[in-house]
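# Descriptive analysis of the structure
Spelled out, the chains give:
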Amino acid sequence: SQLAEENLWALSVHEGESVTVNCSYKTSITALQWYRQKSGEGPAQLILIRSNEREKRNGRLRATLDTSSQSSSLSITATRCEDTAVYFCATSGGNYKPTFGKGTSLVVHP
Amino acid sequence: EAAVTQSPRSKVAVTGGKVTLSCHQTNNHDYMYWYRQDTGHGLRLIHYSYVADSTEKGDIPDGYKASRPSQENFSLILELASLSQTAVYFCASSGGGASQNTLYFGAGTRLSVL
């Protein structure tokens with residue numbers, strides 16, 4: 001079974017709206033990462049948040065981490081069409097084996 | 001900019017044949033990974049390596065072998081390809097220590113086994 005998992009298979013918003021993708025995980029972690037994968041490309045890391053951090057920002061992106069509930073969220077404000085992609089959370093537990101969730105597909109409509 | 005190059009970008013193989021997927025990184029990274037992506041399963045780790053001449057099993061290693069002849073190169077080998085191995089395969093690399101948590105991915109290899 002997946003050790004990290006996003007809570008929704010797909011989301012759809014219109015340009016300019018905000019959207020949040022959630023992730024839950026099952027193991028003790030040292031860090032959690034959010035990746036974005038555009039069609040035909042490999043995933044690219046957006047944000048890395050360590051287990052002793054609660055929030056991390058990167059431009060229009062904001063990630064939160066709650067180790068007590070073993071959950072994380074990625075929020076995107078003022079969405080653009082180019083934000084259309086699959087978003088993954090991934091966890092690291094110090095065992096060299098980063099574990100990815102199944103991903104949430106986000107479509108941003110003009 | 002970190003660079004991970006996979007070859008070929010796509011391949012059609014016959015059932016029972018041997019397939020080798022190659023990965024080359026110019027990041028000077030110690031860690032390299034092979035993931036498989038299927039619809040509905042996300043990315044699943046097949047094999048990984050943290051030093052040349054050594055490989056480790058990931059979460060789904062059955063039917064796959066890996067080879068790390070040098071720091072820069074990491075291959076995935078399907079000795080007897082099967083229909084169930086049709087998927088997109090991604091190679092990734094990462095540095096050590098704190099930077100081990102940031103993976104740099106290649107563009108992927110689309111493998112179709114017929």
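Note: the structure precedes this text.
Residues numbered from 1 in each chain as written. Chains lettered and ligands numbered in written order. Predicted model: local features only at pLDDT ≥ 70, side-chain atom pairs only at ≥ 80, totals over all residues. Heavy atoms only, no water.

### Let's talk about the state of the cysteines
Residues and elements named next belong to chain B. Condition: In this description, the term disulfide denotes a pair of cysteine sulfurs within 2.5 Å. Numbered from the N terminus, helices here are DSSP runs of H or I no shorter than four residues, and strands are runs of E no shorter than two.
Tallying each qualifying case throughout the model produces two disulfides over all chains. The side chain of Cys23 participates in a disulfide bridge whose partner is Cys91; the two sulfur atoms lie 1.9 Å from each other. Because the torsion about its S-S bond is -80°, the bridge between Cys23 and Cys91 counts as left-handed. Separated by 68 residues along the polypeptide, Cys23 in strand β3 (residues 19-25) and Cys91 in strand β9 (residues 87-94) bring together distant segments of the chain.

### Notes on the sheet that holds β3(B)
All names here are of chain B. Heads up, the rule is: Two strands pair under a simple rule: DSSP has to find at least two bridges between them. Axis definition: a line fit to C-alpha positions, over the contact stretch in the case of helices; interaxial angles, taken between N-to-C directions, run 0 to 180 degrees.
Read from one edge of the open sheet, four strands run β1-β3-β8-β7, paired in antiparallel fashion. Strands at the two margins of the open sheet, each flanked by one partner only, are β1 (4-7) and β7 (65-67). When strand polarity is set aside, the average angle formed by the axes of neighbouring strands in this sheet is 20°. In this structure, β3 lies alongside strand β8 (residues 73-78), joined through six bridges in antiparallel fashion. Within β8, the position partnered with Val19 by the bridge is Leu78.

So far we have only geometry, and geometry alone does not tell us how the molecule works.
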